[in-house]
Amino acid sequence: KQWYQRRVRGIKETGVDGIMIARAAWHNPAIFSKDSVPASQAAETFLKRCIDYECPLNILKYTIGKLQGLFTSTDGCLQVTRHIEPRLIYKHFGLADYYDKVTEGRGSSVQDEFQKSKRQKLGDGHILLTEQLTPTILQTFRSTVAPRQILNQWLIANGFSEPSYWTVETNKIFTGYLRIDNDTFVMEGDFKNKRTAIQAVAYAYCMKNH
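Note that this is a predicted model, so its numbers are computed, not measured. (Residues numbered from 1 in each chain as written. Predicted model: local features only at pLDDT ≥ 70, side-chain atom pairs only at ≥ 80, totals over all residues. Heavy atoms only, no water.)

### Some remarks on the overall build of the protein
Across its full length, the protein carries 11 helices and 4 strands. The burial tally for the protein puts 32% of its 210 residues in the buried class. Within the structure as shown, the protein displays about 13,000 Å² of accessible surface, and the carbon and sulfur contribution to it stands at 49%. (Helix = DSSP H or I, 4+ residues; strand = E, 2+ residues; numbered from the N terminus. Buried < 20%, exposed > 50% of the residue type's maximum accessible area, 1.4 Å probe, protein only. Areas by Shrake-Rupley, 256 points an atom, 1.4 Å probe, with all protein chains shown as cover.)

Right, dumping it as structure tokens:
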């Protein structure tokens, strides 16, 4: 309410037509409302606009992490923002039906992007994935919600067949392979064990396609 009063006073004192705000709206989208608006209500309105205007996934995740009062812990926020399928994020907030209704006539953008990636094959029939892996990213490979688990969840949610993973060892260095339907993806790197190589190829696929 204090921000509403400041807005009114600012317009009156300066004669401007309106006032804009930037980052503070991430924490409270209803910052200029006359009456106090619960965080959950403000978030629902914001998320519906994200659905209406096809908010990019990276912006959606970033903003959700900034909204004040949505989560009681950092872990709760991470469990939601780790999803790579927008519908699963909106479902957490009870907006899955709204998402389905709005996106029904848009076609399957998920499938379109996947088909686009299939056209980028290399001569040997494998699709080479390249992605920089920082120590922080490598640390997430050991968590319970690692890239492989996230990717499997996304593929099942979007009607793809269950993926298969394997590694090839050369001089004690492992290369990770990922097969989805009729396509094989490979991620090369200095991986010392099978688990890291498999998580790396899953991570690289997620980053390439989403």
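Having seen it, we continue.
### Description of the sheet that holds strand 2 (residues 164–170)
Two modes of strand pairing occur in sheets, parallel and antiparallel, and in both the strands are linked by backbone hydrogen bonds. One open sheet accounts for 4 strands, arranged 1-4-3-2; its pairing is mixed. The open sheet has two free edges, formed respectively by strand 1 (126–129) and strand 2, since each of these has just one partner strand. Neighbour to neighbour, the strand axes of the sheet diverge by 25 degrees on average, direction disregarded. Across 7 bridges, the pairing between strand 2 and strand 3 (residues 173–180) is antiparallel. What sits directly across from Tyr165, in strand 3, is Leu178. (Pairing = 2+ DSSP bridges. Axes fitted to C-alpha atoms, helices over the stretch in contact; angles between N-to-C directions.)

### Topic: the packing of aromatic side chains
Within a pair of aromatic rings, the relevant descriptors are the distance that separates the centres and the angle that separates the planes. Inspection of the entire model under this criterion finds 4 aromatic pairs. Its guanidinium or amino end placed over the ring of Tyr98, Lys48 lies 5.2 Å from that ring's centre, counting from NZ or CZ. (Phe/Tyr/Trp six-rings, centres within 6.5 Å; stacked < 30°, edge-to-face > 60°. Lys NZ or Arg CZ within 6 Å of the ring centre and 35° of its normal.)

### Overview of helix 1 (residues 2–14)
Its 13 residues place the ends of helix 1 18 Å apart at the C-alpha level, agreeing with the 18 Å of an ideal helix rising 1.5 Å per residue. One or two residues past the end of helix 1 sits Gly15, with phi positive at roughly 80 degrees. (Expected span 1.5 Å × (residues − 1).)

### Here we look at the nonpolar core
Ranked by size, the top nonpolar core spans 21 residues in total, and within it Leu129, Leu151, Tyr165, Leu178, Phe185, Met187 and Tyr205 carry the most contacts. Elements represented by at least two residues in this core include exactly strand 1, helix 10 (147–157), strand 3, strand 4 (183–191) and helix 11 (194–209). Every residue in contact with Leu129, bar those within four places of it in the chain, is listed here: Phe185, Val186, Met187, Glu188, Val201, Ala204, Tyr205 and Lys208. In terms of nonpolar packing, the next biggest core, distinct from the first, is built from 14 residues, Ile51, Ile64, Tyr90 and Tyr99 among them. (Core = buried A, V, L, I, M, F, W, Y, C linked by side-chain atoms within 4.5 Å. Contact = heavy atoms within 4.5 Å.)

### Comments concerning the environment of Leu128
For Leu128, the position within the fold is in strand 1. When the C-alpha atoms of Leu128 and Val186 are compared, they prove to be 5.1 Å apart, with 58 residues separating the residues in sequence.

### Some details on the packing of helix 3 (residues 39–52) against helix 7 (residues 96–103)
The geometry of helix 3 relative to helix 7 is characterised by a closest axis approach of 9 Å and an angle of 25 degrees between their N-to-C directions. Between helix 3 and helix 7, the crossing angle belongs to the class labelled roughly parallel. When the axes of helix 3 and helix 7 are compared, the crossing they make is right-handed. Each of Lys48, Ile51 and Asp52 in helix 3 lies in contact with helix 7, whose residues at this interface are Tyr98, Tyr99 and Val102. In terms of residue class, the contact of helix 3 with helix 7 is built from 4 nonpolar, no polar and 2 charged. (Parallel < 35°, antiparallel > 145°, perpendicular 65-115°, else oblique. Left-handed = near helix turned anticlockwise from the far one by under 90°. Nonpolar A, V, L, I, M, F, W, Y, C, P; charged D, E, K, R; others polar.)

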